[in-house]
Amino acid sequence: MDEITLTRPDDWHLHVRDGALTQAVAGYSAAVFGRAIIMPNLKPPVTDVAAARAYRDRIRGVIDDASGFEPLMTLYLTDDTTPVTIAEAAACGFIQGIKLYPAGATTNSDAGVTDLARCHDALAAMAEHGLPLLVHGEVTAPDVDVFDREAAFLEERLAPLLERHPSLRVVLEHVTTARATEFVRHGPSRLAATITAHHLLLNRNDMLVGGIRPHHYCLPVLKRERDRAALLEAATSGNPKFFLGTDSAPHPRGAKVADCGCAGVFSAATAMPAYAEAFEAAGALDRLEGFASHFGPDFYGLARNTDSLTLRRHPWSVPNALPAGDDVLVPLRAGEEMAWQTVVGPQAGG
Ligand code: DOR
Ligand code: ZN
């Protein structure tokens, strides 16, 4: 198979930042994906409908209208989010989820939730209004090893949360472990998960063997090969609980290659070729469309896209870096050859 045409995919987990960085990155997603769930971890975070509307306008302002790209907005859950804010978010028509960052878990999560008990009323309102909770699933206790933080979250936080709110819809974002795939597979149908391209292609050796690779450092951190294999199995299984979310999280090179480097893989410019590579390695290219284009909108209760995207087998060299104002961004697979490329849009080279 040298060409595949899919229903246009969507990205169910994306960071496009703000200001000049949005200008540098948003076009890569808009050229390929029909819609993307936009993460709210700006500084300050997007915590109410007015801020989400203004952020949506800023994103739209840098995107080519002809792309037809639609940013799907989210709010950032805090200890103080009220049921009124949730009701307003559900009513506004452009907010599709509420994001839970445990305080201190990752980039710009300082304002996140310190104790889920404080969010009981907001979570109940989300269940009432059918607004999904999008979860960064890691505990933050200093005594829990960084490689165990996702697994600990499942038992200690997510299982009780699902029990306390029996109709709340939940997306466990960017799953990284075999344990998480089992948890989601065996969980209720209102529980789903996104999987990134980098977690399908890389394990922790790719970050730590032969030198430290800061551009492969993200959160939740890359895990063992057996975890990567389980994620690939889940993504290619045809189970609609698993769908595409790149978690493309751009940080300028200077912030990644630093004494204390930021977490995040910038994958927006190479995402679909990367997913195609992973699916092809599993002999499952025929399952890519369900994962990339069908299961996400089905879970969110949105219509599937009606346009299409073509991927062609045509080896190309990914640039070492892409421009971003005074700095540069290092994309996933920088300096390497990729077998697949998307036929339209501002491809990063090739
Ligand atoms: O690697 C990550 N980067 N993980 C996250 O959860 C946040 C993201 C970011 O915003 O940089
Ligand atoms: Zn993210």
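Before going into details, it helps to say that this report is about the structure given with it. (Residues numbered from 1 in each chain as written. Chains lettered and ligands numbered in written order. Predicted model: local features only at pLDDT ≥ 70, side-chain atom pairs only at ≥ 80, totals over all residues. Heavy atoms only, no water.)

Here the focus is the overall build of the protein. The number of helices and strands found in the protein is twelve helices and 13 strands. Taken against the 2.2 N^0.38 rule, which gives 20 Å for 350 residues, the C-alpha radius of gyration of the protein at 19 Å falls within 12% of a compact globule. Viewed in the frame of its principal axes, the protein has a C-alpha envelope of about 50 × 45 × 40 Å. Residue burial in the protein is summarised as follows: out of 350 residues, 57% are buried. Within the protein, contacts between residues at least 6 apart in sequence are counted, and of these 73% link residues at least 24 apart. As displayed, the protein offers around 13600 Å² of accessible surface, 48% of which is attributable to carbon and sulfur atoms. In the protein, the 31 positive side-chain charges and the 43 negative ones have mean positions that sit 2 Å from each other. (Helix = DSSP H or I, 4+ residues; strand = E, 2+ residues; numbered from the N terminus. Rg over C-alpha atoms; globule rule 2.2 N^0.38 Å. Buried < 20%, exposed > 50% of the residue type's maximum accessible area, 1.4 Å probe, protein only. Contact = heavy atoms within 4.5 Å. Areas by Shrake-Rupley, 256 points an atom, 1.4 Å probe, with all protein chains shown as cover. Lys, Arg positive; Asp, Glu negative; His and termini not counted. Charge placed at Lys NZ, Arg CZ, Asp CG, Glu CD.)

Turning to the packing of helix α11 (residues 271-281) against helix α12 (residues 288-300), a few remarks are in order. Contact geometry of α11 with α12 gives a least axis separation of 10 Å together with a crossing angle of 140°. In this view, α11 runs oblique relative to α12, as classed from their interaxial angle. On α12, the residues touching Met272, Tyr275, Ala276 and Phe279 of α11 are Leu288, Phe291 and Ala292. Within the contact of α11 with α12, the residues separate by chemical class into seven nonpolar, no polar and no charged. (Axes fitted to C-alpha atoms, helices over the stretch in contact; angles between N-to-C directions. Parallel < 35°, antiparallel > 145°, perpendicular 65-115°, else oblique. Nonpolar A, V, L, I, M, F, W, Y, C, P; charged D, E, K, R; others polar.)

Donor atoms from the polypeptide that bind the zinc ion (ligand 2) are His13 (NE2), His15 (NE2) and Asp247 (OD), placed at 2.1 Å. In this structure His15 comes out as buried when scored by relative accessible area, which is 6%. Of the residues examined, Asp247 reaches a relative accessible area of 7% and is grouped as buried. (Donors = N, O, S within 2.8 Å, 3.2 Å for Na, K, Ca; no water.)

The omega angle of the peptide bond from Lys43 to Pro44 is 0°, so this bond is cis rather than trans. Following the sequence through the fold, Pro44 ends up in the loop between β3 (35-38) and α2 (49-61). Residue Pro220 follows Leu219 across a cis peptide bond; omega there is -5°. Tracing the sequence through the fold places Pro220 in the loop between α8 (205-208) and α9 (225-235).

We now examine the site of ligand 1. Taken together, 13 residues lie near ligand 1, and Arg17, Asn41, Leu219, His251 and Ala263 sit nearest. His15 places a polar side-chain atom, nitrogen or oxygen, 3.4 Å from an oxygen atom of ligand 1. At 2.7 Å from a nitrogen atom of ligand 1 is found a main-chain nitrogen or oxygen belonging to Leu219. Contact with the protein chains hides 99% of the accessible area of ligand 1, taken as 290 Å² for the molecule alone. Partitioned by chemical class, the residues of the shell around ligand 1 number four nonpolar, seven polar and two charged. (Near = heavy atom within 4 Å. Polar contact = N/O pair within 3.5 Å; in protein donor to acceptor, adjacent residues only side chain to side chain.)

Topologically, Glu233 is positioned in helix α9. On a C-alpha basis, the gap between Glu233 and Ala284 in space is 9.7 Å, while along the polypeptide they are 51 residues apart. Side chain to side chain, Glu233 and Arg185 meet in a polar contact 3.3 Å long.

Under the definition given, this model contains 14 salt bridges. For Arg179, the salt bridge goes to Glu155, with nearest N and O atoms at 2.7 Å. Taken together, the residues span a long stretch of sequence, with Arg179 in helix α6 (residues 178-186) and Glu155 in helix α5 (residues 149-164) at a distance of 24 residues. A residue is classified by how much of its surface remains accessible, and Arg179, at 33% relative accessible area, is partly exposed. A salt bridge links Arg185 to Glu233; its shortest N-O distance comes to 3.3 Å. Placement of the pair is Arg185 in helix α6 and Glu233 in helix α9, with a sequence separation of 48 residues. Each of Asp2, Glu280 and Arg313 takes part in salt bridges that share partners, so that together they form one network. (Salt bridge = Lys/Arg side-chain N within 4 Å of Asp/Glu carboxyl O.)

Turning our attention to the pairing of β3. Side chains Arg35 and Ile37 of β3 all project onto a buried face; the interleaved residues Ala36 and Ile38 project onto the opposite face, where all are buried too. Strand direction decides the pairing type here: strand β2 (residues 11-14) and β3, joined by two bridges, are parallel. Of the residues in β3, the one forming a bridge with Leu14 is Ile38. Taking the sense of rotation as the criterion, the β-α-β connection linking β2, helix α1 (residues 19-32) and β3 turns out right-handed. Where β3 lies against strand β4 (residues 70-76), three bridges are found, and the strand directions are parallel. Following the sheet pairing, Arg35 is matched in β4 by Glu70. Once the chain exits β3 it traverses α2 before rejoining the sheet at β4, and the crossover so formed is right-handed. (Pairing = 2+ DSSP bridges. Right-handed = clockwise from strand over helix to strand, strands pointing away.)

Moving on, we come to α2. Note on helix geometry: an α-helix contains 3.6 residues per turn, so any two residues three or four positions apart are oriented the same way. Taking 1.5 Å as the rise per residue, α2 with 13 residues should run 18 Å; its terminal C-alpha atoms sit 18 Å apart, in good agreement. Listed as buried for α2 are Val49, Ala52, Tyr55, Arg56 and Ile59. Looking down the long axis of α2, one finds its buried residues gathered within 125° of arc, a one-sided arrangement. Structural note: α2 exposes Ala50 and Gly61 on the side pointing more than 90 degrees away from its buried face. Packing partners of the buried residues in α2 comprise α1, β3, β4, α3 (83-92) and β5 (95-100). With a side-chain oxygen positioned 3.3 Å from the backbone nitrogen of Ala50, the residue opening α2 is Asp48. (Expected span 1.5 Å × (residues − 1). Arc of directions from axis to C-beta.)

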